[in-house]
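Tertiary structure, described
For reference, the chains in residue letters:
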Amino acid sequence: MSTKLFYSFLKWVAVGPLLRAVFRPTYEGVENIPRKGPAILAGNHLSYADWLFMPLGSPRMVRFVAKAEYFTGTGVKGFLQRTFFSGTGNVPIDRSGATAAEGALIAAKRVLGDGELFGIYPEGTRSHDGKLYRGRTGIARLALDTGAPVIPVAVIGTDVIAPPGKKLGKIVRPRIVFGKPLDFSRYEGMANDRYILRAITDEIVYEILKLSGQEYVDMYATEAKKLSDGEKSAKKPGKKNSARPTKTGPTKDVA
């Protein structure tokens, strides 16, 4: 069965109708998704359920990257994993001679080069507390290297359906908002300028912020999670608080 055929089967027959019936998601701005040609769908990341509800409202297949291990498993479990992740539009990260981030960009460029939609989370990981965090500049490089427009996307309520650290929470009605396309052709040829990459990334995250209404924190989500875990650990009985003050302000890392 071809990927697109299986994707349509899951979306319109097997999984999609069930999600719509149980959670009744609402979608706004679907008309902002181009009917043909490549585009990058950049969204906030609250829950593992995001990649189920966001594509459900798109008229076209949305492809994401996934760990290569999901496509190389053996036995019955490996076959089911491979079939599901391939069939839902995911593409394995090519990590041969590259870091995970570089591998993701390689895979994304291949998807966009085929004229398809590519989904990405600028924060790089799920938010542990529902706030919106600083974006990684890989999305800016991707937009400049491919010339594809960026569609900001806000998912609201998925962290209640599937809270961080839990498989299932409460049944609520999630809301997904697709913003107007962002064109960065004015920065053509400037993909190696880190300040331009940061400016583009911040603009994308700001548009997501306007759509989602989240509280913004100018810190990478991974750093915020470590800080939060450290504070929780220090508060446990029998633990001495060894946390040291952390410097605030802009960091040199713009990746």
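Anything mentioned here points back to the structure above.
Report follows, based on the coordinates. This one's a predicted model, so the numbers in the text were calculated from it and none came from an experiment.

**Focus: the overall build of the chain**
Tallying secondary structure elements over the chain gives 9 helices and 10 strands in all. Against the globule reference of 18 Å for 255 residues, the chain gives a C-alpha radius of gyration of 19 Å, in line with a compact fold. On the principal axes, the C-alpha backbone points of the chain span a range of 55 × 45 × 40 Å. Here the chain holds 255 residues, and 43% of them are scored as buried. Contacts in the chain between residues at least 24 apart in sequence constitute 79% of all its contacts with a sequence separation of at least 6. Within the structure as shown, the chain displays about 14,200 Å² of accessible surface, and the carbon and sulfur contribution to it stands at 57%. Averaging the locations of the 39 positively and 24 negatively charged side chains of the chain gives two centres separated by 7 Å.

**Digging into helix 5 (residues 100-113)**
The first and last C-alpha atoms of helix 5 sit 20 Å apart over 14 residues, in line with the 20 Å expected at 1.5 Å per residue. All of the buried residues in helix 5 are G103, A104, L105, A107, A108, V111 and L112. Among the structural elements, strand 2 (39-43), strand 3 (62-63), strand 4 (65-66), strand 5 (91-92), strand 6 (117-120) and helix 6 (138-146) are those in contact with the buried residues of helix 5. Taken from the residues just after helix 5, G115 is the one with a positive phi, measuring 80°.

**Quick notes on the packing of aromatic side chains**
Summed over the entire model, instances satisfying the criterion amount to 7 aromatic pairs. It is R136 that lies over the ring of Y220; its NZ or CZ is 3.8 Å from the centre.

**Notes on the sheet that holds strand 3**
On the basis of which strands lie adjacent, the open sheet formed by 6 strands has the order 1-9-8-2-6-3 and mixed pairing. If you trace the sheet from one side to the other, it starts and ends with strand 1 (26-28) and strand 3, each paired once. Of the pairings in the sheet, the one linking strand 8 (residues 150-156) to strand 9 (residues 175-178) comprises 4 bridges and is antiparallel in character. By the bridge assignment for strand 9, V155 is matched with I176. Here helix 8 (residues 194-212) sits on the sheet and contacts strand 2, strand 8 and strand 9; the angle it forms with strand 8, its principal contact strand, is near 35°.

**A look at the pairing of strand 2**
Counting buried residues along strand 2, 5 of its 5 residues qualify, which places the element largely inside the surrounding structure. Alternating residues of strand 2 divide into A39, L41 and G43 and I40 and A42, and every residue in both groups is buried. Where strand 2 meets strand 6, 4 bridges bridge the pair, whose relative direction is parallel. Bridge pairing in strand 6 places I40 opposite F118. As paired elements, strand 2 and strand 8 share 4 bridges and run parallel to each other. From the neighbouring strand, G43 faces strand 8, where its bridge partner is V153.

**Quick notes on the environment of P25**
The residue P25 is located in the loop between helix 2 (16-23) and strand 1 in this model. Judged by relative accessible area, which is 11%, P25 ranks as buried. Residue contacts for P25: discarding those within four places in its chain leaves L19, R20, F53, L56, R173, P174 and I176.

**Digging into the pattern of salt bridges**
Charged atoms that come close allow side chains of opposite charge to pair. One pass over the full model with this rule turns up 9 salt bridges. In this structure, the salt-bridge partner of K109 is D145, at a minimum N-O distance of 3.0 Å. In this pair, K109 sits in helix 5 while D145 sits in helix 6, placing the two residues 36 residues apart along the sequence. Judged by its relative accessible area of 40%, D145 is partly exposed. One salt bridge connects K210 with E207, and the closest N-O pair in it is separated by 3.3 Å. Of this pair, K210 and E207 both sit in helix 8, 3 residues apart, which is roughly one turn of the helix.

**Things to note about the nonpolar core**
Counting 29 residues, the largest nonpolar core has I40, L144, V150, F184, I200 and I204 as its most contacted members. Within the residue set of this core, elements represented by two or more residues are strand 2, helix 5, strand 6, helix 6 and helix 8. When residues of this core are assigned to their parent elements, the largest contribution, 7 residues, is made by helix 8. Beyond its immediate chain neighbours, meaning those up to four positions away, I204 contacts A42, P122, I139, V150, L182 and F184. Residues A49, F64, I151 and V155 belong to the second largest nonpolar core, which totals 22 residues.

What counts and what doesn't
Residues numbered from 1 in each chain as written. Predicted model: local features only at pLDDT ≥ 70, side-chain atom pairs only at ≥ 80, totals over all residues. Heavy atoms only, no water. Helix = DSSP H or I, 4+ residues; strand = E, 2+ residues; numbered from the N terminus. Rg over C-alpha atoms; globule rule 2.2 N^0.38 Å. Buried < 20%, exposed > 50% of the residue type's maximum accessible area, 1.4 Å probe, protein only. Contact = heavy atoms within 4.5 Å. Areas by Shrake-Rupley, 256 points an atom, 1.4 Å probe, with all protein chains shown as cover. Lys, Arg positive; Asp, Glu negative; His and termini not counted. Charge placed at Lys NZ, Arg CZ, Asp CG, Glu CD. Expected span 1.5 Å × (residues − 1). Phe/Tyr/Trp six-rings, centres within 6.5 Å; stacked < 30°, edge-to-face > 60°. Lys NZ or Arg CZ within 6 Å of the ring centre and 35° of its normal. Pairing = 2+ DSSP bridges. Axes fitted to C-alpha atoms, helices over the stretch in contact; angles between N-to-C directions. Salt bridge = Lys/Arg side-chain N within 4 Å of Asp/Glu carboxyl O. Core = buried A, V, L, I, M, F, W, Y, C linked by side-chain atoms within 4.5 Å.

So far we have only geometry, and geometry alone does not tell us how the molecule works.
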